[in-house]
Amino acid sequence: MELGLLYSAGKDSTLAALLLEEFYDVTLVTATFEITDDWEHAEQTADALEFPFEQLELDSDVAHEAVARIREDGFPRNGVQHVHEHALEQLAASGFDAIADGTRRDDRVPTVSRAQAQSLEDRHGIDYISPLSGFGRGAVDRLVDAQLEVTVGPSEEINRADYEGELRAIIAAEDGHEAIRDYFPDHEQTYVTDVQ
């Protein structure tokens with residue numbers, strides 16, 4: 001079965017790919033608004049891991065809606081969730097038998113509820129799989145430490161191909177780079193470079 005995995009080249013989505021490849025023909029799919037070329041980081045990691053790679057073009061209006069939510073809320077959660085739901089919809093409609101993401105049990109954002117998963121499956125005739133939904137951060141970190149070569153650092157310094165990077169780029173372009181700190185708390189990101 002052909003499975004499309006939303007892929008950022010971070011540790012969670014990479015671990016999800018490794019768990020799923022035993023059962024599916026996994027294609028790593030990076031969703032992009034084409035605001036930045038950050039998707040290239042995911043393609044490089046996909047090549048290093050020897051997975052097929054595709055870009056999934058998202059509607060730029062959704063990016064601007066997400067930024068509006070971030071500005072209104074003063075934090076990124078609802079904006080990032082909005083983009084993730086759009087990306088899952090687009091991926092579900094793109095011809096795969098199954099779709100997946102790297103959401104973990106203890107993620108605050110993005111998340112996918114049971115009702116959302118069932119709705120995706122019913123409306124698109126696909127399977128939605130969240131292979132890390134039973135894993136907490138500690139378990140993921142231990143598995144990643146044993147299997148992957150990972151760079152860790154502040155969000156603004158780490159190569160990655162997630163929604164946040166493009167949303168940050170919109171805010172920086174419209175409000176100046178310093179405005180990013182008004183909405184995005186400091187946190188670390190990961191970028192997988194290879195398998196050990």
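In this text, all values refer to a predicted model and were calculated from it rather than measured experimentally.

Taken as a whole and assessed by the stated rule, the structure comprises one cavity of 30 Å³ or more. By volume, the largest cavity amounts to about 50 Å³. Considering the residues around the largest cavity, the lining is formed by Thr30, Ala31, Thr32, Thr36, Asp38, Trp39, Ala161, Asp162 and Glu166. Top element by residues in the lining of the largest cavity is strand β2 (residues 25-32). It accounts for three residues. Residues of the lining of the largest cavity, tallied by class, amount to three nonpolar, three polar and three charged.

This part is about the layout of surface pockets. By volume, the largest pocket amounts to about 1300 Å³. Taken together, 41 residues make up the lining of the largest pocket; nearest its centre are Asp12, Asp107, Val109, His187 and Gln189. Among the elements of the structure, α1 (11-20), β2, α4 (77-92), α6 (137-147), β6 (148-154), α7 (163-175) and β7 (188-195) are those that each provide at least two residues to the lining of the largest pocket. Of the residues that constitute the lining of the largest pocket, the class distribution is 15 nonpolar, ten polar and 16 charged. Space inside the second largest pocket adds up to approximately 350 Å³. Elements represented by at least two residues in the lining of the second largest pocket include exactly α7 and α8 (180-183).

Within the open sheet, the five strands sit side by side as β3-β2-β1-β4-β5. Their pairing is parallel. Only two strands of the sheet have a single partner each, and these edge strands are β3 (53-57) and β5 (127-129). The average undirected angle you get between the axes of adjacent strands in this sheet is 30 degrees. The pairing of β2 with β3 spans five bridges and is classified as parallel.

About the cut-offs
Residues numbered from 1 in each chain as written. Predicted model: local features only at pLDDT ≥ 70, side-chain atom pairs only at ≥ 80, totals over all residues. Heavy atoms only, no water. 1 Å grid on protein atoms, 1.4 Å probe; cavity = no way out; pocket = protein on both sides within 12 Å on 5 of 7 lines; lining within 4 Å. Points joined across faces, edges and corners; volume = space filled by probe spheres on them. Helix = DSSP H or I, 4+ residues; strand = E, 2+ residues; numbered from the N terminus. Nonpolar A, V, L, I, M, F, W, Y, C, P; charged D, E, K, R; others polar. Pairing = 2+ DSSP bridges. Axes fitted to C-alpha atoms, helices over the stretch in contact; angles between N-to-C directions.

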